[in-house]
Amino acid sequence: MRLYDTATRTVRDFVPRTPGQVGMYLCGLTLQGGPHIGHLRGGVNYDVLRRWLTHSGYQVRLIRNVTDIDDKILVKSVEAGEPFWAIAYANERRLARDYATLGVLPPTYEPRATGHIPEMIELIKLLIDKGHAYPAEDGSGDVYFDVRSYPAYGALSGQRVDAMEPADDAPARGKRDPRDFALWKGAKADEPAEASWPSPWGPGRPGWHIECSAMCWRYLGEEFDIHGGGLDLIFPHHENEIAQSRAAGFDFARHWVHVALLNLGGTKMAKSLGNVLNVEALVAKGIRPVELRYYITAPHYRSAIDYSDEALHEAASAYRRLEGFVQRAVERVGAGEPADLPAGFVEAMNDDLNTSRALAVVHDTVREGNAALAGGDDAAAASALSSVRAMLGVLGLDPLNPQWTTEATAGLTDVVDSLVALALDQRAAARTRKDWAAADAVRDQLKQAGVVVEDTPAGPRWTLSDGA
């Protein structure tokens, strides 16, 4: 398997630290607000990577954190007059709900930043002892990382220290260099009293960057295989993580896998810009969660997605074509069992997780399966069905997975099936008495309602149209 590594800017062989085992860390959401589909793209793409590694025989430990203490959360706390932890927890539950809705498997563990203050303090003390960090001399209680003490600072993002803007995470007055970043923030009078913890430098709270380094250390050790997040995290967040972790003596991440952004109107989707779409809003528009997952999965993870309603509905139609084949084939030959994956699919997935090319193999196989159904070749249809289900299963998109056939959906299908069957009985009766106008009227009314009727040798069958 080969993956693009941001640190080396090359697609290179993925070789885990321990044969047969993979440790992965994904920077999760900062919980000042609920998730939107831009946030969820990384979770879905990493879920596909995790599923592929598992299918390839690896034992995967995936850590996906949540940031529940941060400047943005405290601002929301003051604005809303609610405890910061209540805001964070409510948004954490929304995030879990949306991930589950999109079929994202739970991580091995999902740590909260506030649960790992002792590890952060220990790491900061280690950096001070090694001469890479210093307490501010202005009495603020802040502690800063000395970027000049780490010669490789800027390598991940390809920047030179002298060309960098000052770090805006704390006032510059206590810093030796304006680009130094905060490891610990002393308590401030205008911040909630509960948003601070005791430390050797006085009460306060951690800086954003030290949180992830400490949680990586706690759950994956001093060196692990894959670290990732959105492209927007490369600088400063991941640059700072590398600096503080390696300055502490850790080898840290061996491979950096970054996911491109999901944009709206050519601009990054962000709550601060007010240009966000969430899962609930899209489902209310008639997009099923499995179709949204397909939309996110179909492009290569390093390709930007420029959201549009048209593109989303095109993706939904494409998935319904796959789903329609599976349904027709199951009616003819039974569900069967997923087969071995086609070589072209495996090659695509091993080539930097190329889901776009992998899905092209799925669609090609569906075309072959449809031709087999039309030609009455049940053996070929069954073979195609097994291959399609195997490929979609790896991507978390198998239409027969219980995730996508919930009891509520099944109950609704039964009701609709009964109503359509009644209409088809009326159409059949009209055809028997050769009242073609009445038969066509029934068919046209069903079509207007979004139900497409297909006459087959086994009798009429119905499906929902792409626009239904």
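Procedures and definitions
- For every chain, the first residue of the written sequence is number 1, and numbering continues from 1 along that sequence.
- It should be noted that, the model being predicted, local features are given only for residues of pLDDT at least 70 and side-chain atom pairs only at 80 or more, the latter also being counted only at that level, while totals for whole chains, interfaces and linings use all residues.
- Excluding hydrogens and water, the side-chain figures rest on all heavy atoms present in the structure.
- UniProt positions are given in the numbering used here, feature names are shortened, and annotations may be inferred rather than shown by experiment.
- Working definition of a nonpolar core: buried Ala, Val, Leu, Ile, Met, Phe, Trp, Tyr and Cys residues. They are joined through side-chain atoms within 4.5 Å.
- Note on exposure labels: buried denotes an accessible area under 20% of the residue type's maximum, exposed denotes more than 50%, and partly exposed covers the range between, all computed with a 1.4 Å probe on protein chains only.
- Every helix listed is a DSSP run of H or I at least four residues long, and every strand listed is a run of E at least two residues long, numbered separately from the N terminus.
- Contacts are assigned to residue pairs that have any heavy atoms within 4.5 Å of one another.
- One requirement defines pairing of two strands: DSSP has to find at least two bridges between them.
- To estimate how far a helix should reach, multiply one less than its number of residues by 1.5 Å.
- For helices, the fitted line uses only the C-alpha atoms of the stretch in contact; every axis is such a line through C-alpha atoms, and the angle between N-to-C directions lies from 0 to 180 degrees.
- In the analysis that follows, any N or O atom pair within 3.5 Å is treated as a polar contact, provided that within protein one partner can donate a hydrogen and the other can accept it, and provided that, for residues neighboring in sequence, both atoms belong to side chains.
- With strands facing away from the observer, any crossover in which the path from the first strand over the helix to the second runs clockwise is taken as right-handed.
- In predicted models, pLDDT denotes the confidence assigned by the predictor to each residue on a 0 to 100 scale.
- Angle categories are assigned with fixed cut-offs, so that under 35 degrees is roughly parallel, over 145 is roughly antiparallel, 65 to 115 is roughly perpendicular, and the rest are oblique.
- Handedness of a crossing follows from how the near helix is turned relative to the far one, being left-handed for an anticlockwise turn of less than a right angle and right-handed for a clockwise one.
- Any residue that is not Ala, Val, Leu, Ile, Met, Phe, Trp, Tyr, Cys, Pro, Asp, Glu, Lys or Arg is counted as polar, Gly included; the first ten are nonpolar and the last four charged.

As named in an unreviewed UniProt entry, the chain is Cysteine--tRNA ligase, taken from Planosporangium flavigriseum. Recorded in UniProt under Subunit (unreviewed entry), the annotation for the chain is "Monomer." UniProt, in its Subcellular location (unreviewed entry) section for the chain, records the words "Cytoplasm".

Core analysis: the largest hydrophobic core is formed by 119 residues, its most contacted members being Ile 226, Leu 292 and Phe 345. Looking at this core element by element, the count peaks at 9 residues for helix H9 (residues 309-333). The residues contacting Leu 292, other than those within four sequence positions of it, are Ile 37, Leu 102, Val 279, Leu 282, Ile 287 and Leu 312. Counting 8 residues, the second-largest nonpolar core is a separate cluster that includes Val 420, Val 442, Val 453 and Trp 462.

The next thing to look at is the sheet that holds strand S11 (residues 262-264). Sheet architecture is open: 3 strands sit in the order S12-S11-S13, paired in mixed fashion. In this open sheet, the two edge strands, each paired with only one partner strand, are strand S12 (267-268) and strand S13 (305-307). Examined bridge by bridge, S11 and S12 share 2 bridges and lie antiparallel to one another. Across the sheet, Asn 263 pairs through a bridge with Lys 268, a residue of S12.

Quick look at the environment of Gln 445 now. Examined against the element boundaries, Gln 445 turns out to sit in helix H14 (residues 436-448). Owing to a relative accessible area of 56%, Gln 445 belongs among the exposed residues under this scheme. Placed 48 residues apart in sequence, Gln 445 and Leu 397 show a C-alpha to C-alpha distance of 32 Å.

Quick look at helix H11 (residues 355-374) now. Side chains of residues three or four places apart in an α-helix project in the same direction, reflecting 3.6 residues per turn. Look at H11: 28 Å from first C-alpha to last across 20 residues, which is about the 28 Å you get at 1.5 Å a residue. The complete set of buried residues in H11 reads Thr 355, Ala 358, Leu 359, Val 361, Val 362, His 363, Thr 365, Val 366, Gly 369, Ala 372 and Leu 373. On the buried face of H11, the contacting elements are helix H1 (37-55), helix H8 (289-297), H9, helix H10 (343-350) and helix H12 (378-394). With its phi angle positive at about 75°, Gly 376 sits one or two positions after the end of H11.

Moving on: the sheet that holds strand S9 (residues 223-230). Pairing is parallel across the open sheet formed by 4 strands, whose spatial order is S4-S3-S9-S10. Among the strands making up the open sheet, the edge pair consists of strand S4 (59-64) and strand S10 (252-259). On average, each strand axis in the sheet is inclined to that of its neighbour by 25°, with strand direction left out of account. The pairing of strand S3 (residues 21-26) with S9 spans 3 bridges and is parallel. Counted as the bridge partner of Met 24 is Ile 226 from S9. Taken strand by strand, H1 contacts S3, S4, S9 and S10, and its axis lies near 180° from that of S3.

As annotated in UniProt, the feature "binding site: Zn(2+)" (unreviewed entry) corresponds to Cys 27, Cys 212, His 237 and Glu 241 in the numbering used here. In terms of the greatest pairwise C-alpha distance, the residues named above, spread along 215 residues, form a tight cluster of at most 11.1 Å across. Relative to the helices and strands, Cys 27 resides in the loop between S3 and H1. Apart from the residues lying within four places of it in its own chain, the contact partners of Cys 27 are Asn 65, Cys 212, His 227, Gly 228, Leu 233, His 237, His 238 and Glu 241. Relative to the assigned elements, Glu 241 resides in helix H6 (residues 234-247). Given the relative accessible area of 0%, Glu 241 is considered buried. There is a polar contact of 2.9 Å between the side chain of Glu 241 and the side chain of His 227.

Okay, the environment of Gly 393 next. One can find Gly 393 in helix H12. Given the relative accessible area of 30%, Gly 393 is considered partly exposed. Gly 393 sits 36 residues away from Arg 357 along the chain, and the two C-alpha atoms are 16 Å apart.

Turning next to H8. Burial analysis of H8 places 8 of its 9 residues in the buried class, which makes it a mostly covered element. For H8, the full list of buried residues reads Val 290, Glu 291, Leu 292, Arg 293, Tyr 294, Tyr 295, Ile 296 and Thr 297. Those residues of H8 hidden inside the fold are in contact with H1, helix H7 (279-284), S13, H9 and H11.

Bridging between S3 and S4 involves 6 bridges; their strand directions are parallel. What sits directly across from Val 22, in S4, is Val 60. In this fold, the crossover linking S3 to S4 by way of H1 has right-handed handedness.

All right, on to the confidence of the model for the chain then. For the chain, per-residue confidence averages 91 on the pLDDT scale, and 93% of positions sit at 70 or higher. Contacts of residues 407-412 to residues separated by more than four positions or lying in other chains number 0 contacts, the stretch itself having pLDDT below 50.

The angle between the axes and the distance between the axes are what describe a pair of packed helices. Following both chains from N to C, one finds H1 and helix H3 (residues 84-101) inclined at 55°, their axes separated by 11 Å at the closest point. On the basis of their axis angle, the class for H1 and H3 is oblique. The two elements H1 and H3 meet at a crossing, and its hand is right-handed. Counted together, His 39, Leu 40 and Gly 43 of H1 and Leu 95, Asp 98 and Tyr 99 of H3 form the full contact between these two elements. For the contact of H1 with H3, the class distribution of residues is 3 nonpolar, 2 polar and 1 charged.

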